[in-house]
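Take a look at the letters that make up each chain.
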Amino acid sequence: MPVRIALIGTGSVGKGVLEVLSRKNTGIILTGVADSRSGLMDPGGIPVSSLLDRKKKTGLCGERSISALKVVTEGEYDILVEASPTDAVTGEPATGYIRAALSRGSHVVTSNKGPVALHYRELSNLARENGVSFRFEATVAGAIPILHTLLDSLGGNEIHALYGVLNGTCNYILTRMAEEGLSYRQALDEARALGYAEADPTYDVKGIDAAVKLVILANTVWKKEITLDTIDITGIDLLTEEAIRLAEEQDATIRLIGEIVPAENLYRLSPRIIPKHHPLVVQGSLNAIIVRTDLAGDLIFAGKGAGSLETASAIIGDILSIRERYAGGN
Amino acid sequence: MQVSMKLEIRDSPGQLVTALMPISDMGGNIKTVIHEHDYASDLGSLSVEVVLEIPEERLDGLMQLFRERGITVIRFGEERMHYQQSVILIGHLVHTDLGDTVDQIDMTGYAEVTRMSLAMPAIDERSSAKFTIKALSREDMDKAIGILREVSRKKNILMIEPLEF
């Protein structure tokens, strides 16, 4: 059964989604698309390959007269796919788009951390009132289906604790400092040159990005109502190469670890000394998560935490599971 | 208190039990027994390493019992602090009185810094140090780490703790 989507945002994540639609027969029809400067709507379906060409040539996905908000509020679609860049402080304009779509009775799938970290309760209530789904697998650990696993597959478990490497940029820098003896500055410059780090890496290296993911996990998996201020955050920007050498003396290394232990009210992100053979010590820009549960015991997940197709994988998974759940509906 | 001792026993059946019996007779709690078969010598004896917990005031009585039963204590060592953890500190460690930072732990009586490695790349640059801390119990270790966390905060030192779970 075909499902119609409107896509907001054609950056790395949005392009990944379009790439999948053009390559695979998913049964997903694109009926609306918008970037920050233009938009396009066609209830009959927008041909994806010509859209990708146009975006490449002109930098625009549609017409300047059609805004993202217009696509959200007037487009004909079943699911809004919100893939615009994260604003962790205001959550806008994404939150407004999501609110509008849910209020219209449309499902929402997002990769945008801002709205989920700041307004999860409100948005999930709004979805429930309108009888639709609000899913956000792509917001945490990219390709790793951690939210689906914790919320659905491990439904009968008490999740006692979660420990994770949740920022690929930081993990890349720490890996290179350990492997090649690079200084923090050298490793950061290398990460920038390879496109693993933004021109302004503050959001990653100071731990904000990973901490926002902890907020999302705490509020959705454990139904807490914490904010970024609740989390004890230490980034990696003050680490020295000597510190890594000192850890190596005891066959250990240093990794940026997020930690949630709800019973102890512990929400912390900090660089930690960790044995080299520990399952959370993954290489390069990978992410890894360990959850401690009462029935299933300890579970370990590792995989790509970012990337165009990897994040699209999480989004497409959300779309298809909504279609599955509401099969026979519109 | 926790002690470790090396006992010499005759290499014949039942001797290990004979050697360990005095420990339980004195109300001691055996933590581990390392049976060193390799040491079986021509003399027909072998040695056993035992780690045990026993109230300090009963230790003399235990030694007396060993003597009475013909068991030789080859080595005896007190392991007062057997919980060990390492932390790494980064900052202006020397200028913020490194001695005082160490003292804050040593003064507790239940934990102490037993080893320190210090790397100072250049004057004016931040240095990095690894502290190996020993403590009487897990709870004491947590308290000691808590103190160090507080000291680090005051002195603007970045403390990297081990991931323990």
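What counts, and where the lines are drawn
- Residues numbered from 1 in each chain as written.
- Chains lettered and ligands numbered in written order.
- Predicted model: local features only at pLDDT ≥ 70, side-chain atom pairs only at ≥ 80, totals over all residues.
- Contact = placed C-beta atoms within 7 Å.
- Helix = DSSP H or I, 4+ residues; strand = E, 2+ residues; numbered from the N terminus.
- Nonpolar A, V, L, I, M, F, W, Y, C, P; charged D, E, K, R; others polar.
- Pairing = 2+ DSSP bridges.
- Domains from an automatic or database assignment.
- Core = buried A, V, L, I, M, F, W, Y, C linked by C-beta atoms within 7 Å.
- Buried ≥ 20, exposed ≤ 12 C-beta atoms within 10 Å, placed from the backbone.
- Expected span 1.5 Å × (residues − 1).
- Arc of directions from axis to C-beta.

> Account for the interface of chain B and chain A, naming residues and giving values.
In this assembly, 15 residues from chain B lie in contact with 19 residues from chain A. Elements with a contribution of two residues or more to the side of chain B that touches chain A: strand E5 (83–91), strand E6 (111–119), strand E7 (127–135) and strand E8 (158–162) of chain B. The leading source of residues in the side of chain B that touches chain A is E8(B), at 4 residues. Split by residue class, the side of chain B that touches chain A holds 9 nonpolar, 3 polar and 3 charged. With 2 bridges connecting them, strand E10 (residues 266–275) of chain A and E8(B) associate as parallel partners. In the sheet register, Ile273(A) faces E8(B), and the bridge partner there is Pro162(B).

> Residues and numbers for the domain arrangement of chain B, please.
Domain boundaries assigned for chain B yield domain 1 (2–78) and domain 2 (83–160). Once you take the C-alpha centre of each, domain 1 of chain B and domain 2 of chain B turn out to be 37 Å apart.

> So what's going on with the domain arrangement of chain A? Residues and values would help.
Residue and element names in this part refer to chain A. Domain boundaries assigned for chain A yield domain 1 (3–143 + 309–325) and domain 2 (148–304). One C-alpha centre belongs to domain 1, the other to domain 2, and the line joining them spans 27 Å. Tallying the contact residues gives 13 residues for domain 1 and 15 residues for domain 2. Per element, the largest residue contribution to the side of domain 1 that touches domain 2 is 5 residues, and it comes from helix H5 (residues 113–129). In terms of residue class, the side of domain 1 that touches domain 2 is built from 7 nonpolar, 2 polar and 4 charged.

> Lay out the nonpolar core with the relevant residues and their values.
Membership of the largest hydrophobic core comes to 125 residues, with the highest contact counts inside it found for Ile8(A) and Val81(A). Ranked by the residues each element gives to this core, the list is headed by helix H10 (residues 208–221) of chain A, at 9 residues. Excluding its chain neighbours within four sequence positions, the residues that come into contact with Val81(A) are Ile5(A), Ala6(A), Leu7(A), Ile8(A), Val17(A), Val109(A), Ile315(A) and Ile319(A). Ala19(B), Ile23(B), Val48(B) and Ile71(B) belong to the second largest nonpolar core, which has 10 residues in total.

> So what's going on with helix H4 (residues 138–154) of chain B? Which residues, and what values?
All names here are of chain B. For H4, with 17 residues, the first-to-last C-alpha span of 25 Å sits near the 24 Å given by 1.5 Å per residue. Buried residues of H4: Met141, Ala144, Ile145, Leu148, Val151 and Ser152, and no others. The buried side chains of H4 occupy one side of the element, clustering within an arc of 120° when seen end-on. Exposed residues lying more than 90 degrees from the buried face of H4 are Glu139, Gly146, Glu150, Arg153 and Lys154. Following H4 by one or two positions, asparagine 156 has its phi on the positive side, about 60°.

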